[in-house]
Amino acid sequence: MGHLPPPLWPPTVIMHLEQPSLLLFFLFQAQSSPRAFVRVVVSTRNILPPCILSMDFRVSFQALRAPEKQRENATWLVTQFVLVGFSNLPDLRTPLFALFFFIYLVTLSGNVTIITIIHVDRTLHTPMYCFLALLSLSETCYTLVTIPNMLAHLLMENQAISIPGCRAQMFFFLGLGCSHCFLLTLMGYDRYVAICHPLRYSVIMRPTFCLCLGILVFCSGFSVALIETSLIFSSPFCHSDRVEHFFCDIAPVLKLSCAESASKALAIFFLSILVVLVSFLLILLSYAFIVATIVRIPSAAGRHKAFSTCAAHLTVVIVHFGCASIIYLRPESRGNPDQDRLVAVFYTVVTPLLNPVVYTLRNKEVRVALSRTLGAKPRNFKITLAQRSRFSFS
C-alpha cells in the first residue's frame, strides 16, 4: 500500500461539512486557501439564521475524495516524464557512457567527413553522392536527437524530460527515421537507373529533379511524423510518468495514455507498414531489375563492378529495415522492455556508425577523394566522367 497524500483541507473544515457553511466551502475552495476558508466558515456561522443552521447537508466520503482523484488524473499535473533508460544498471553507467560517447564521436566525425569530401571534391558532384551526403546529414541529425540526451542521463541522477520536450524529440526522431527510409528507397532507384538505363541516366537524374526528390523525401517523412506524434499526444497521460526507454519512442509513451490506445496503436501500425514495408518492397523491386540486368552482362569484371556499387547500400538497407521491422511492425509492444532497449541501442547508436564506415571503406571513389583532399596520391585509380555518371558494362 503506497503512502497516502495529505488531506486537501484541515480537520477544522471537515468538522463543519454537515453545516450550511458547506455551500461557502465550495464557493471559496477555488479562490481561497484552506486556512483563509476556515476563517470564513467561523465568521459566517454566527450570522446565519437558526433555521438554516438546523438544515442537514450531508456529503459522502467519495465526494470529499473527488477533487483529489481529479487532481491525480488531471493532465496539467503531468508536467514531465521520467526516462528509465539504464537506471537498472547503475554499475555500468560509466562504461556505457564511455562506449556510447566514443561511438558517437566516430559517427559524427565520419558523417561530417563524408559531407565535406562530397562538397569539396567536384568529381563526386553526381546524384549518387548527393544522396549519400543527404544520408550522412540525416544520420547526423538523427543521432543528435537521441544520443546527447542519453549520454547526459547516464551521468546525471535526474532523468526527467518535459512533455513538450518529449513531443519534440519524438517528432524529430520519427521524421528523420521516416526520411531515412524514403532516402534509402531513393538511392535504390538511383542505382536502378544507373545500371538498367545507363545511357539515360544523366537525362533522368537531372539536378533539379534530384533536388525535388530530396525535398519530397524529407517533407514526406516529417508529415508522417507529425501525424503519429499528434495521435500519441492528443490525449492526457495518467497511468504513470515512467517511460521504459532511454528516449521518447512510440510504444513506451503510448502505454501511458489515459485514453484507449488500441485504435491509435492500430493507426500507427498501418503508418509504419506504409513507411517501412512499402519502402523496403520498392527497394527489393529496384534490385530485382538490377540483378536481372547484371546477370546479362557478359564480362565478369563488369558484373563485379555493378555488384560492388550496390554492396554498401544493401548493407545499410538490411540493417536499418531489419531493426525498424523488429520494433515498429507489430501492433503492440509485447516484448521485454530490456530487449526493446537493446534493439533501440543498435539502431540509434550502432546503425548510424555503419553509414560512414561502409561507404568510406567499401567505396573506391570516396577513398580516392579522401586521399586527394588530404594530399596523398591515389594509386591505380582511373575513372572517367561517363563512369561516374553512369555504368557502361561490356
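Scroll up a little and you will see the structure.
Only a predicted model underlies this, so the values are computations on that prediction, with no experimental measurement involved. (Residues numbered from 1 in each chain as written. Predicted model: local features only at pLDDT ≥ 70, side-chain atom pairs only at ≥ 80, totals over all residues. Heavy atoms only, no water.)

J.: What's the story with the nonpolar core in this structure? I'm lost.
T.: Soluble globular proteins tend to pack their nonpolar side chains together in the buried interior. Phe81, Phe100, Phe233, Val253 and Tyr347 are the most contacted members of the largest nonpolar core, which has 88 residues in total. Ranked by the residues each element gives to this core, the list is headed by helix α8 (residues 163–196), at 18 residues. Contact partners of Val253, with chain neighbours within four places excluded, come to Phe81, Cys166, Met170, Ile232, Phe233, Phe237, Val243 and Cys248. (Core = buried A, V, L, I, M, F, W, Y, C linked by side-chain atoms within 4.5 Å. Buried < 20%, exposed > 50% of the residue type's maximum accessible area, 1.4 Å probe, protein only. Helix = DSSP H or I, 4+ residues; strand = E, 2+ residues; numbered from the N terminus. Contact = heavy atoms within 4.5 Å.)

J.: Explain the state of the cysteines here, please?
T.: This model, assessed by the stated rule, comprises one disulfide. Disulfide pairing places Cys166 opposite Cys248 at an S-S distance of 2.1 Å. Torsion about the S-S bond of the Cys166 and Cys248 cystine: about -130°, corresponding to left-handed handedness. Here the residue Cys166 occupies a position in helix α8, and Cys248 occupies one in the loop between β3 (242–243) and α11 (250–254), the gap between them amounting to 82 residues. (Disulfide = S-S within 2.5 Å.)

J.: Just to check I follow, could you spell out the sheet that holds strand β2 (residues 160–162) for this structure?
T.: Paired through backbone hydrogen bonds, the strands of a sheet run either parallel or antiparallel to each other. The strand order β2-β1-β3 describes an open sheet built from three strands, whose pairing is mixed. Of all strands in the sheet, those with a lone pairing partner are β2 and β3, marking the two edges. Both strand β1 (residues 80–83) and β3 contribute to a ladder of two bridges, which runs parallel. The residue of β3 that forms the bridge with Val82 is Arg242. Where α8 meets the sheet, it contacts β1 and β2, and its direction lies at approximately 85° from that of β2. (Pairing = 2+ DSSP bridges. Axes fitted to C-alpha atoms, helices over the stretch in contact; angles between N-to-C directions.)

J.: Is there a simple way to explain the pairing of β1 in this structure?
T.: In regular strands, side chains alternate between the two faces of the sheet. Residues Phe81 and Leu83 point to one face of β1 and are all buried, whereas Gln80 and Val82, pointing to the other face, are not buried. Here β1 runs beside β2; their pairing, made up of three bridges, is antiparallel. Bridged to Val82 within β2 is Ala160.

J.: Got a minute to help me understand the environment of Leu329 in this structure?
T.: Looking at the secondary structure, you find Leu329 in the loop between α13 (300–328) and α14 (337–361). With a relative accessible area of 25%, Leu329 lands in the partly exposed category. In sequence terms Leu329 and Leu277 are 52 residues apart; their C-alpha atoms lie 8.4 Å from each other. Sequence-distant contacts of Leu329, that is, excluding residues within four places in its chain, are made with Phe269, Ser272, Ile273, Val276 and Ala324.

J.: Would you mind going over the side chain of His153 with me for this structure?
T.: Within the element layout of this structure, His153 appears in helix α7 (residues 127–155). For His153, the residues in contact, after removing those within four places along its chain, are Leu83, Arg93, Asn158, Gln159 and Ala160.

J.: For this particular structure, what's the right way to read the packing of aromatic side chains?
T.: The geometry of two aromatic rings is summed up by the distance between their centres and the angle between their planes. One pass over the structure, following the stated rule, counts 16 aromatic pairs. Ring centres of Phe173 and Phe247 lie 4.6 Å apart, and the angle between their planes is 50°; this geometry places the pair in the tilted category. Remark: Phe247 occurs in the loop between β3 and α11 and Phe173 occurs in helix α8; sequence separation between them is 74 residues. According to the relative accessible area criterion, Phe173 is buried, its value standing at 3%. Each ring, one from Phe173 and one from Tyr347, has its centre 6.3 Å from the other, and the planes form 40°; the classification is tilted. With a gap of 174 residues between them, Phe173 in helix α8 and Tyr347 in helix α14 connect regions that are remote in the sequence. (Phe/Tyr/Trp six-rings, centres within 6.5 Å; stacked < 30°, edge-to-face > 60°.)

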